[in-house]
Every structure is written in structure tokens, then in C-alpha cells.
Amino acid sequence: MDVKYMKKAIELAKKGAGYTSPNPLVGAVIVKDDKIIAEGYHQFYGGPHAEVNALNNAVEDIDGAVMYVTLEPCSHYGKTPPCANTIAKTGIKKVVVGMKDPNPIVAGRGIKILEESGIEVISGVLENEVKEINEIFIKYITTKTPFCLLKTAMTLDGKIATHNGDSKWITNEKSRKYVHQIRNRVSAIMVGIGTVLQDNPKLTTRLEEKESSDPTRVIVDSRGRIPLDCNVLNVDSEAQTIVVVTELADKDKINSIKEKGADVIITPSKDNRVNLAYLMKELGKRDIDSVLLEGGSTLNYSALKENIVDKVISFIAPKIIGGEQAKTPVGGNGIDYMKDAITLENIKILRFEEDIMIEGKMTNN
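Residues numbered from 1 in each chain as written. Predicted model: local features only at pLDDT ≥ 70, side-chain atom pairs only at ≥ 80, totals over all residues. Heavy atoms only, no water.

(A) Geometry of a nonpolar patch on the surface. On the surface, Leu344, Ile347, Ile349, Ile356 and Ile358 cluster together to form a nonpolar patch covering roughly 390 Å² of accessible area. For the nonpolar patch, the elements supplying multiple residues, two or more each, are β15 (344–352) and β16 (355–362). Among the elements that make up the nonpolar patch, the one with the highest residue count is β15 (three residues). With respect to the helices and strands, Ile356 occurs in strand β16. Note on Ile356: relative accessible area 32%, which makes it partly exposed. (Patch = residues over 30% accessible without salt bridge, like charges linked within 9 Å, V, L, I, M, F, W, Y side chains within 5 Å. Areas by Shrake-Rupley, 256 points an atom, 1.4 Å probe, with all protein chains shown as cover. Salt bridge = Lys/Arg side-chain N within 4 Å of Asp/Glu carboxyl O. Helix = DSSP H or I, 4+ residues; strand = E, 2+ residues; numbered from the N terminus. Buried < 20%, exposed > 50% of the residue type's maximum accessible area, 1.4 Å probe, protein only.)

Now the structure itself:
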């Protein structure tokens, strides 16, 4: 029964995707006499936590009931009071937890409060599934750097554009809609200046749902070549645009970018390029917990080389365009020996009509 109700709590938690950042996704179910009497999930950042929402939604007396919650109830004051203390006063007799909170200021303290109040606690139920839906939170709360998701789209012969640069559209409409759903869940989307110069994208989220939100736009532009009339500096969006340069960028150009309303981050240069590891730390300081990397082959290679990538999502369309000069998803110098190839694990494969999507986590992360 624990697995059954935890699965329900996980499904509830997923409803908060895109709205709770940088907080975790959490769902809660209250069960009495083998019947669900309350449900709740963390709906938005700063709002009531899943446990409180479930308690408020109870349709029966909760005295003697069991609460199933995906993440250990918090034990500290943040945007809201500690949930562990609230639960301890309700008459709940048992709490089943999916995973302990990796946040150092919680880390078992919530469970301790419950147990000291005489509540039985079981933890680790469907822990791997809970960790998967909170992979962004876990990375960010333990390292203060964003979870980086590298997305690529290529033809069957491994091309991201034709030899003359045309790239619209490689994948089908369903695949592209899924990418916009990912954009709606992450804090930021990052591309290189080459993508801006070639495609002039808006980097917005285009979904039918009214509550979809745009991620922060991050442009990696070591020399400050971004045109002041490009879409990302002029798009009608509440989300911020950040242009990332090095000391190689002209100071007057930097000021002009700021005058357009964009923020500018100046990083140390690494091989005459933006230092991506440094950039991740700076984005983390801005409460950006996740980055969707949709760059070109040069930026993709740099990100993999600097080991900032946590997960890769690759769409493959059943098209062949050929061309020795047509670009591939990852450029740069490449790996010298096959034995040193970058590998992925925990592979998932999805279908979007004729398109195939392969997802995997970086083996070394």
C-alpha cells in the first residue's frame, strides 16, 4: 500500500513543475482506513507546502491517519513555517517519506521532529522515483550551481543544419512542443552567440497553456558581438536576458546592452571563451537552479568539456541531408580515442510520432 499511495503523491508533485523553482516538487496524500481523504502539492514558490495543502483539503477528521509525502517535511522557517511542526500537532499517526531532504538545513531534522512527537516515520519509499523528479533541486541545493540539461536535435545522419545553415525544422511539431514544455520547467535557457546570429531566436516558451512562463535567456557571447536589434534584446517578455561576455568585449558595447534592459555577466576568459564553470556559479547566485542548453556545436562541446552538463536529451528525426560542411550537434576538437568517449547512463527512449528522443544522465556526474 505504501508504494500505491507514494505513486499518487509523486503524480501530484509533478503538477508543480515550472512553478516552484528553486524549491522542490512535493506531493502529499493523507490516507485513513485505506481511503484517500486529502491531497495536496506545492503549487508555487512562496506558497503553502504540499503537506499544508493536503491538511487543508482533508474531507474527514485526520486523527490517526497516515500521510504520504514525497520529500521529508521541512523543519525550518523559510517562506512558510516548518511543516514538521505543523504535522506534529494534527493527530497524524504515521508519515511515509519518499526521500530525506538533501537541504543541509533540513537533512533529517524534519523526521526527528516527527519521531520525537510520537509519529512513526518510514522513509525511502520509491526514493529513486522521487529523486528523479527532483534532480534539479538536489543538484542546486547541494552545489548552489544549476542543473544543466543539454538538448540537441539532429537528422538520422547526425546533422543539425544543412550545409548552408538551414535548420527549420529538423524535428516534428510534437517534439518541438515537448521542448517548450521543458523550457516551461527550467529557470534559464542558454545559447551561444552563433545561434543568435544565425537564427535570431526569441527563446520564449510557446505553449497553449496560459500559465506557461518564459525562462531567463542567457547568451554566451565572449566578445560582445550581439546585435542590439536582435530578438532576445527586444522581446516582449517578463523574463530577463543575460548576456555573458569576457574582458574581450568592448566596454561601450556592454553599456549599450545594459541600456536595452539586459543584465551583463563578465567572466574570466578560458581559451579566449567564456568560463562556463564560473558562469554556472554566477547563475546559481541569481537563484537560477536549472539551465536548458540549446546552443550550437561549439557551445555544446565547451559545455561537455568543462563538465557542466548533467543530462543530455537528443532528438533524432528520420531525415538525411548529408554534407561534409553540415554541422553536427557537438563540434570542437572532439575526443581523440573511443575509449575516452563521453558516455550516458539511465537511458530513456521516447517516441514523438516518427521522431525518437534519447535521454541520459552523464556517467561521471
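(B) Representation of the pattern of salt bridges within the structure. Following the criterion strictly, the structure yields 16 salt bridges and no others. Where Lys361 meets Glu135, a salt bridge forms, and the shortest distance between an N and an O atom there is 3.3 Å. With Lys361 in strand β16 and Glu135 in helix α6 (residues 135–143), this residue pair connects regions lying 226 residues apart in the sequence. Accessibility expressed as a relative area gives 28% for Lys361, which makes it partly exposed. The shortest N-O distance in the salt bridge between Asp340 and Lys339 comes to 3.4 Å. Where salt bridges share partners, they join Glu135, Lys311, Glu359 and Lys361 into one cluster.

(C) Structural detail: the nonpolar core. Counting 43 residues, the largest nonpolar core has Met6, Ile30, Met67, Tyr68, Ile92 and Val95 as its most contacted members. Among the elements that make up this core, the one with the highest residue count is helix α1 (residues 2–14) (six residues). One finds Leu150, Val274, Leu299 and Met362 within the second-largest nonpolar core, a separate group that totals 24 residues. (Core = buried A, V, L, I, M, F, W, Y, C linked by side-chain atoms within 4.5 Å.)

(D) Representation of helix α11 (residues 297–305) in the model. For α11, a buried count of seven out of nine residues is recorded, marking the element as mostly surrounded by other parts of the structure. Taken together, the buried positions of α11 are occupied by Ser297, Leu299, Asn300, Tyr301, Ser302, Ala303 and Leu304. Just downstream of α11 lies Asn307, where phi reads positive at about 60°.

(E) Structural view of the sheet that holds strand β8 (residues 216–220). Read across the sheet, nine strands follow the order β10-β9-β8-β7-β13-β6-β14-β16-β15 without closing on themselves; strand pairing throughout is mixed. Here the strands that pair on one side only, and so sit at the sheet edges, are β10 (263–266) and β15. Each adjacent strand pair in this sheet contributes to an overall mean axis angle of 20°, direction not counted. Here seven bridges tie strand β6 (residues 147–155) to strand β14 (residues 311–317), and the two strands are oriented parallel to one another. Residue Lys151 lies in a different strand from β14, and its bridge partner there is Ile313. Where α6 meets the sheet, it contacts β6, β13 (290–293), β14 and β16, and its direction lies at approximately 135° from that of β6. Running at roughly 145° to β10, helix α9 (residues 251–259) makes contact with β9 (241–245) and β10 of the sheet. (Pairing = 2+ DSSP bridges. Axes fitted to C-alpha atoms, helices over the stretch in contact; angles between N-to-C directions. Contact = heavy atoms within 4.5 Å.)

(F) Spotlight on the side chain of Ser297. Of note, Ser297 is situated in helix α11. Sequence-distant contacts of Ser297, that is, excluding residues within four places in its chain, are made with Ile160, Lys327, Thr328, Pro329, Val330 and Gly331.

(G) How the structure looks around the side chain of Asn300. By the secondary structure assignment, Asn300 is in helix α11. Residue classification places Asn300 among the buried positions, given a relative accessible area of 1%. Side-chain polar atoms of Asn300 contact the backbone oxygen of Pro329, separated by 2.8 Å. (Polar contact = N/O pair within 3.5 Å; in protein donor to acceptor, adjacent residues only side chain to side chain.)

(H) Looking closely at the packing of aromatic side chains. Tallied over the entire structure, the rule returns four aromatic pairs. Taking the centre distance of 5.2 Å and the plane angle of 45° together, the rings of Tyr5 and Tyr68 count as tilted. On the criterion of sequence distance, the pair formed by Tyr5 in helix α1 and Tyr68 in strand β3 (residues 66–71) is long-range, its members being 63 residues apart. Per residue, the accessibility class of Tyr5 equals that of Tyr68, and both read buried. Relative to Phe352, the ring of Phe315 lies with its centre 5.9 Å away and its plane at 45°, an arrangement referred to as tilted. Of this pair, Phe315 sits in strand β14 while Phe352 sits in strand β15, placing them 37 residues apart in sequence. With respect to class, Phe315 is no different from Phe352; both count as buried. An aromatic cluster is present here, built from Tyr178, Phe315 and Phe352 joined pairwise through their rings. Of note, Lys168 hangs over the ring of Trp169, and the distance from its end group to the ring centre comes to 5.4 Å. (Phe/Tyr/Trp six-rings, centres within 6.5 Å; stacked < 30°, edge-to-face > 60°. Lys NZ or Arg CZ within 6 Å of the ring centre and 35° of its normal.)

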